[in-house]
Amino acid sequence: MSIRMPASAASPGPRARLLAAADELFYEEGIHSVGIDRLLKHAGVAKASLYSAFGSKEALIAAYLSLRFERRRVRIEAALAKHQAPRARLLCVFDALAQRVAEKDFRGCAFVRAAAERQPSDRIDAVLDEARHWLKALFVELATAAGARKPERLARDLVMLYDGAVTAAQMDRDLEAPRAARDAAAVLLERAAAR
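Residues numbered from 1 in each chain as written. Predicted model: local features only at pLDDT ≥ 70, side-chain atom pairs only at ≥ 80, totals over all residues. Heavy atoms only, no water.

Visitor: Explain the overall build of the protein here, please?
Guide: Tallying secondary structure elements over the protein gives 10 helices and 0 strands in all. Secondary structure of the protein in N-to-C order comes out as α-α-α-α-α-α-α-α-α-α. On the principal axes, the C-alpha backbone points of the protein span a range of 65 × 50 × 30 Å. Of all 195 residues assigned to the protein, the portion counted as buried reaches 42%. For the protein, restricting intrachain contacts to residue pairs at least 6 apart in sequence, the fraction spanning at least 24 positions comes to 70%. Accessible area of the protein: about 11,000 Å², with a carbon and sulfur share of 53%. (Helix = DSSP H or I, 4+ residues; strand = E, 2+ residues; numbered from the N terminus. Buried < 20%, exposed > 50% of the residue type's maximum accessible area, 1.4 Å probe, protein only. Contact = heavy atoms within 4.5 Å. Areas by Shrake-Rupley, 256 points an atom, 1.4 Å probe, with all protein chains shown as cover.)

Now the structure itself:
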């Protein structure tokens, strides 16, 4: 005798399927190059599902970016949880980045790519701003804990190193870029703490 599982338990609902399709296609090919019809076909849902679940493609894009931001935050926080020493905590952000760029599906920063493609949208801009603010604030917090005399200045430099490493990993296919950025961050941290 076979047990029938309810449809909701057997497969994800339309919202989850749309978000998974958006995550795959938008990240792989770009937000504006993926049309609604292709997205719907990939998700296996009707057009009405998009509008009932999200209301618009813009809202789906914002949800996709929020998902990407949450993954980044969780990945970095998991790396931070492995370290107690302030210096190690700061530098492990680059270690987490090194792990990410080594993954076979890495195509660069979803936020930079979305920003390059975006047309004015308060909803999408809010998610991009939140992700950016979180990274900057994290580096300020870590720089402060590590004894930097000017943590905001060091944090600005660390964000630039992080961004540069992501870009080099994507554009140059340089998987060592996060390690080089980590080494540079260690030097900057020493100088910032010594001043």
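Next comes the rest of the description.
Visitor: I tried to follow the nonpolar core on my own but got confused; where do I start?
Guide: Taken as a class, soluble globular proteins show a tendency for nonpolar side chains to be buried jointly. Ranked by size, the top nonpolar core spans 67 residues in total, and within it Phe26, Tyr64, Leu65, Phe139 and Tyr162 carry the most contacts. Contributions of two or more residues to this core are made by α2 (14-29), α3 (36-43), α5 (57-81), α6 (86-101), α7 (110-117), α8 (122-145), α9 (151-171) and α10 (177-194). Ignoring sequence-local partners within four residues, the contact set of Leu65 consists of Ala110, Phe111, Ala114, Ile124, Val127 and Leu128. (Core = buried A, V, L, I, M, F, W, Y, C linked by side-chain atoms within 4.5 Å.)

Visitor: What is the right way to look at unusual backbone geometry in this model?
Guide: Backbone geometry follows two general trends: most residues other than glycine have a negative phi, and most peptide bonds adopt the trans configuration. Despite not being glycine, Arg173 shows a phi value in the positive range, around 55°. By secondary structure assignment, the location of Arg173 is in the loop between α9 and α10. Residue classification places Arg173 among the exposed positions, given a relative accessible area of 69%.

Visitor: Would you mind showing me how to read the environment of Ala137 here?
Guide: By the secondary structure assignment, Ala137 is in helix α8. In this structure the C-alpha to C-alpha distance between Ala137 and Ala194, which are 57 residues apart in sequence, comes to 22 Å.

Visitor: In this structure, what is going on with the environment of Leu40? I would like to understand it.
Guide: Counting through the fold element by element, Leu40 comes out in helix α3. Accessibility expressed as a relative area gives 7% for Leu40, which makes it buried. Taking the C-alpha atoms as reference, Leu40 lies 9.3 Å from Ala22; in sequence the two are 18 residues apart. In contact with Leu40, not counting residues within four places along its chain, are Leu18, Val45, Ala46, Lys47 and Leu50.

Visitor: Even after reading the chapter, I still don't get the packing of α5 against α6, so can you show me in this structure?
Guide: The geometry of a pair of packed helices is captured by two quantities: the angle between their axes and the separation between those axes. Between α5 and α6, the least distance of the axes is 9 Å, while the angle of their chain directions is 125°. Classified by the angle between their axes, α5 and α6 sit oblique to one another. In this structure, the crossing between α5 and α6 has a hand that is right-handed. Within the contact between the two elements, α5 uses Arg68, Arg75, Ile76, Ala79, Leu80 and Ala81 and α6 uses Arg89, Cys92, Val93, Ala96 and Arg100. (Axes fitted to C-alpha atoms, helices over the stretch in contact; angles between N-to-C directions. Parallel < 35°, antiparallel > 145°, perpendicular 65-115°, else oblique. Left-handed = near helix turned anticlockwise from the far one by under 90°.)

Visitor: Would you mind showing me how to read α6 here?
Guide: Along an α-helix, residues three or four positions apart point the same way, because every turn accommodates 3.6 residues. In this model α6 runs 24 Å from its N-terminal to its C-terminal C-alpha over 16 residues, within 8% of the 22 Å that 1.5 Å per residue would give. When α6 is considered as a whole, its buried residues turn out to be Leu90, Leu91, Cys92, Val93, Phe94, Ala96, Leu97, Ala98, Arg100 and Val101. (Expected span 1.5 Å × (residues − 1).)

Visitor: Whenever I open this one, the packing of aromatic side chains confuses me. Can you help?
Guide: Given two aromatic rings, their pairing is described by the distance between the two centres and the angle made by the two planes. Going through the model one piece at a time under the given rule, you end up with 5 aromatic pairs. With 6.3 Å between their ring centres and 65° between their planes, Phe139 and Tyr162 make a pair best called edge-to-face. With a gap of 23 residues between them, Phe139 in helix α8 and Tyr162 in helix α9 connect regions that are remote in the sequence. We classify Phe139 as buried; its relative accessible area is 0%. On the accessibility criterion, Tyr162 (3% relative accessible area) is buried. (Phe/Tyr/Trp six-rings, centres within 6.5 Å; stacked < 30°, edge-to-face > 60°.)

Visitor: Can you help me understand the side chain of Arg113 in this one?
Guide: When you line up the elements, Arg113 lands in helix α7. For the buried Arg113, which has no salt bridge, the nearest side chain bearing the opposite charge is Glu117, at an N-O separation of 5.6 Å. For Arg113, the side chain forms a polar contact with the main-chain oxygen of Arg107, separated by 3.3 Å. Filtering out sequence-adjacent residues up to four positions away, Arg113 remains in contact with Phe26, Tyr27, Glu28, Glu29, Gly30, Arg107 and Gln170. (Lys, Arg positive; Asp, Glu negative; His and termini not counted. Salt bridge = Lys/Arg side-chain N within 4 Å of Asp/Glu carboxyl O. Polar contact = N/O pair within 3.5 Å; in protein donor to acceptor, adjacent residues only side chain to side chain.)

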